[in-house]
Amino acid sequence: MPEADNHPVINSLELVGHSTIKLIEEAGYCFTLLFESLFWILVGPFIKRPVRISSIFSQMMTMGVAACPIVFVLSFSIGVMLAIQMIYNLRTFGAESQVVVGVAFSVTREFGPLITGILIAGRTGSSLAAKIGTMQVNQEIDALRVMGINPVRYLVAPTLFAMIVMLPVLTFFSDLAGLLGGAIYTNIEIGLSFDAYLDRTLTALAVADVMQGIFKSIIFALIITLVGVSNGFSVTGGAEGVGKATTRSVVLSISYIVIADMIFTYFLNL
Amino acid sequence: MKNNKSAIEVNDLVTHYGPREILHGIDLSINEDEIMIIMGGSGSGKSTLLRYLLGLGTPSSGSINLLGKDITKISNNEMHQLRQNMGVAFQGGALLSSMTVGENVKLPLREHTNLDEKTMEIMARMKLEVVNLGGFEKMMPAELSGGMIKRAALARAIVMDPKLMFFDEPSAGLDPVVSAELDELILELRDAMKMTIVVVTHELESAFKIADRITVLDQGNILMTDTVENIKNSDNERIQSLLNRRPSNDEVQADEYLNRLTGI
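This is a predicted model, so every value here is computed, not measured.

About the thresholds
- Residues numbered from 1 in each chain as written.
- Chains lettered and ligands numbered in written order.
- Predicted model: local features only at pLDDT ≥ 70, side-chain atom pairs only at ≥ 80, totals over all residues.
- Helix = DSSP H or I, 4+ residues; strand = E, 2+ residues; numbered from the N terminus.
- Rg over C-alpha atoms; globule rule 2.2 N^0.38 Å.
- Buried ≥ 20, exposed ≤ 12 C-beta atoms within 10 Å, placed from the backbone.
- Contact = placed C-beta atoms within 7 Å.
- Domains from an automatic or database assignment.
- Nonpolar A, V, L, I, M, F, W, Y, C, P; charged D, E, K, R; others polar.
- Pairing = 2+ DSSP bridges.
- Axes fitted to C-alpha atoms, helices over the stretch in contact; angles between N-to-C directions.
- Expected span 1.5 Å × (residues − 1).
- Bend = angle between axes of the 7 residues up to and from the residue.
- pLDDT = per-residue confidence, 0-100.
- Parallel < 35°, antiparallel > 145°, perpendicular 65-115°, else oblique.
- Left-handed = near helix turned anticlockwise from the far one by under 90°.
- Right-handed = clockwise from strand over helix to strand, strands pointing away.

A. Representation of the overall build of chain B within the structure. When helices and strands are counted, chain B shows 10 helices and 10 strands. Computed over its C-alpha atoms, the radius of gyration of chain B comes to 20 Å, within 12% of the 18 Å expected for a compact globule of 264 residues. With the principal axes as the frame, chain B shows a C-alpha extent of 70 × 45 × 45 Å. A buried classification covers 38% of the 264 residues belonging to chain B. In chain B, once contacts between residues fewer than 6 apart in sequence are set aside, the share between residues at least 24 apart is 65%.

Here it is in structure tokens:
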């Protein structure tokens, strides 16, 4: 019996099995958290255990409004970067002025939501995991439960709500910043005026282009919140555990965001 | 003097941590207005027992009756009601670190009552006075010493005037003077508020001082539940080694020991 146990093929098969089960378990846990949060948001007010409006707003401030400067800087840079690359690329065809259309589509359909999602995953996803993990280690979660305060209602639901509202807003803001970056560089490089740039952008863009980005950002909001929160709740083993959960939640949510982006982009463009 | 109506009744409680059985069929009855100490060494299962008494886990089998309700069977709503009659002082206090002491104490009131802000404030201050922390409501938990945090946590636990009060290692990490003060506080609380109090501890001195009865746990079994005198006079070897701080000398099973070492 011991020999069969130690066979390398069987060992690695076992490892695959274990990690698959763990993955499915985690996904299940995330969905439980999602449905429980939705329950509290929708049903809570009717059974006199509402999600506090004040904590939703304070979350919106810390994760949304406070993130505006950094979102602006990154999106602006992405806009400039796209303009540089596209002008270089289009010059081979002598079609530099088409840069406007290229930047408009790339920013609204792809880079706006993606860069905002990745940024917020690093900023808010990590702080969620760290905050809830620390509370878990300090028995604050237990304390909430024994006080009859459901931790999902108190901690997760307001965050989820705030995230679903704020990430699309930030994404739209990021779209604008990216377009501004593109406009400024194009103006300097090929001398296209801002008016003309704006005019061509508005002609090229349809509402559906912006909406595609916004829709993806709602998916990203779910991913960031659920991955951060579920990693926080499953912290064991003190401060080191909190560190691990924080790192893990950032890596996982960025990976999931990129993969989800690919999948949704494919289906939204069928 | 004491009535014998039981506030907490545990029957044949069996719990597992993963595949390992931690509690092997615990029977325990705690009377109203009683201070029951649950004692035992590390790994005896006393913290586990407390977790299940608080309804923080689902037992493998057995029943736990709190104030006449079996918490392994009741609905979420009933549990929610019951929790408003329970107060818990955790080992590390477990104050929410993002809020001031005053906000922490007010939290249960805010969540469970419709009192106006001013009333809640007054009630919170009253409870902070009870634990000798008057005037500290504006401080953050990180600014308090260990003993003060435990007392603030106690204020939060009693703010709803619970009928059941649980303490997890109240004297852990405190100097003898502060720890003695906390003991006094527990006694005062019982007398003033007619609470049933369960204290999990391994501090003998404080246990003997405040206990009405003591339950000794060992490796997931109850060795004895009795009054302080009877526990002290018990001739059970493991109880005596716990009381006299003697190292326990389990007999070494030679074959088993060898098997463990060689990993067979």
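Still to come is the rest of the account.
B. Examining the overall build of chain A more closely. Of regular secondary structure, chain A possesses 10 helices and 0 strands. Its helices and strands in sequence order give chain A the pattern α-α-α-α-α-α-α-α-α-α, from N to C terminus. With respect to the principal axes defined by its C-alpha atoms, chain A has extents near 70 × 60 × 35 Å. Here chain A holds 270 residues, and the buried ones make up 41% of them. Summarising the internal contacts of chain A: among those between residues at least 6 apart in sequence, 86% fall at separations of at least 24.

C. Fine view of the domain arrangement of chain B. All names here are of chain B. Taken as a whole, chain B is organised into domain 1 (1-85 + 163-247) and domain 2 (95-161). The C-alpha centroid of domain 2 is placed 25 Å from the C-alpha centroid of domain 1. In this assembly, 10 residues from domain 1 lie in contact with 9 residues from domain 2. Class assignment for the residues of the side of domain 1 that touches domain 2 results in 8 nonpolar, 2 polar and no charged.

D. Spatial organisation of the sheet that holds strand β7 (residues 164-168) of chain B. Residues and elements named next belong to chain B. Taken together, the 6 strands give an open sheet; going across it, the order is β6-β7-β8-β3-β9-β10, and neighbouring strands pair in mixed fashion. Looking at strand neighbours, the two that pair on one side only are β6 (86-89) and β10 (221-227), the edges of this open sheet. Ignoring which end each strand starts from, the neighbouring axes of this sheet average 15° apart. Both β6 and β7 contribute to a ladder of 4 bridges, which runs parallel.

E. Inspection of helix α7 (residues 151-190) of chain A at higher detail. All names here are of chain A. A rise of 1.5 Å per residue sets the reference length of α7, with its 40 residues, at 58 Å; its end C-alpha atoms lie 56 Å apart and thus fit the reference within 8%. The largest bend along α7 measures about 30° and falls at Ala 157, with the proline Pro 158 one to four residues further on. Along α7, 28 of the 40 residues are buried, which leaves the element largely enclosed by surrounding structure. Taken from the residues just after α7, Gly 191 is the one with a positive phi, measuring 70°.

F. Looking closely at unusual backbone geometry. Residue and element names in this part refer to chain B. Not every positive phi belongs to a glycine, and Leu 67 is a case in point at roughly 50°. Relative to the elements of secondary structure, Leu 67 occurs in the loop between β4 (61-66) and β5 (69-70). With a phi angle near 55°, Ala 94 is a residue other than glycine that sits in the positive phi range. By the element assignment, Ala 94 lies in the loop between β6 and α3 (101-112).

G. Here's a closer look at the interface of chain B and chain A. Listed as interface residues are 15 residues of chain B and, on the opposing side, 10 residues of chain A. Mapped onto the side of chain B that touches chain A, the elements with two or more residues apiece are α2 (76-83), β6 and α3 of chain B. Among the elements that make up the side of chain B that touches chain A, the one with the highest residue count is α3 of chain B (4 residues). Considering only residue class, the side of chain B that touches chain A consists of 9 nonpolar, 4 polar and 2 charged.

H. Summary view of the confidence of the model for chain B. A residue-level look at chain B finds 96% of positions with pLDDT of 70 or above and a mean pLDDT of 85. Across the whole predicted complex the pTM is 0.85, and at the interface the ipTM reaches 0.85.

I. A look at the sheet that holds strand β1 (residues 6-17) of chain B. All names here are of chain B. What the 4 strands build is an open sheet, ordered β2-β1-β4-β5; its pairing is antiparallel. Sheet topology places β2 (20-31) and β5 at the edges, where each strand pairs with a single neighbour. Bridging between β4 and β5 involves 2 bridges; their strand directions are antiparallel. Residue pairing across strands places Asn 65 opposite Asp 70, the latter belonging to β5.

J. Geometry of the environment of Ile 71 of chain B. Residue and element names in this part refer to chain B. The residue Ile 71 is located in the loop between β5 and α2 in this model. Each C-alpha atom, one on Ile 71 and one on Leu 53, is 8.6 Å from the other, the two residues being 18 residues apart in sequence. If we skip the residues at most four places from it in the chain, Ile 71 touches Gly 55, Ile 64, Leu 66, Met 79 and Leu 82.

K. Summary view of the pairing of strand β9 (residues 213-218) of chain B. All names here are of chain B. Of all 6 residues making up β9, 5 are buried, and the element is well covered by its neighbours. Alignment of strand β3 (residues 35-39) against β9, held across 4 bridges, turns out to be parallel. Across the sheet, residue Ile 38 finds its bridge partner in β9, namely Thr 215. Bridge count between β9 and β10: 6 bridges; the pairing is antiparallel. Following the sheet pairing, Val 216 is matched in β10 by Met 224. A loop of 2 residues connects β9 with β10, the two strands running antiparallel in sequence, and Gln 219 in this loop sits at a positive phi of about 45°.

L. Main features of the packing of helix α5 (residues 99-137) of chain A against helix α9 (residues 207-233) of chain A. Residues and elements named next belong to chain A. Interaxial distance between α5 and α9 falls to 8 Å at its minimum, and their mutual angle equals 15°. Comparing their axes, α9 and α5 come out roughly parallel. Handedness of the α5/α9 crossing: right-handed. Classifying every residue of the contact of α5 with α9 gives 13 nonpolar, 15 polar and 4 charged.

M. Summary view of the environment of Leu 164 of chain B. Residue and element names in this part refer to chain B. For Leu 164, the position within the fold is in strand β7. Exposure remark for Leu 164: the 22 C-beta atoms within 10 Å place this residue in the buried category. Distance in space between the C-alpha atoms of Leu 164 and Met 86 is 4.8 Å, their sequence separation being 78 residues. Apart from the residues lying within four places of it in its own chain, the contact partners of Leu 164 are Ala 7, Leu 66, Leu 67, Asn 85, Met 86, Met 195 and Thr 196.

N. Region of the structure containing the pairing of β7 of chain B. All names here are of chain B. Taken across its 5 residues, β7 has 5 buried, putting it largely inside the fold. Sheet topology places β7 next to strand β8 (residues 196-201); 5 bridges connect them, and they run parallel. What sits directly across from Asp 168, in β8, is Val 200. In this fold, β7 hands off to helix α6 (residues 176-193), which returns the chain to β8; that crossover is right-handed.

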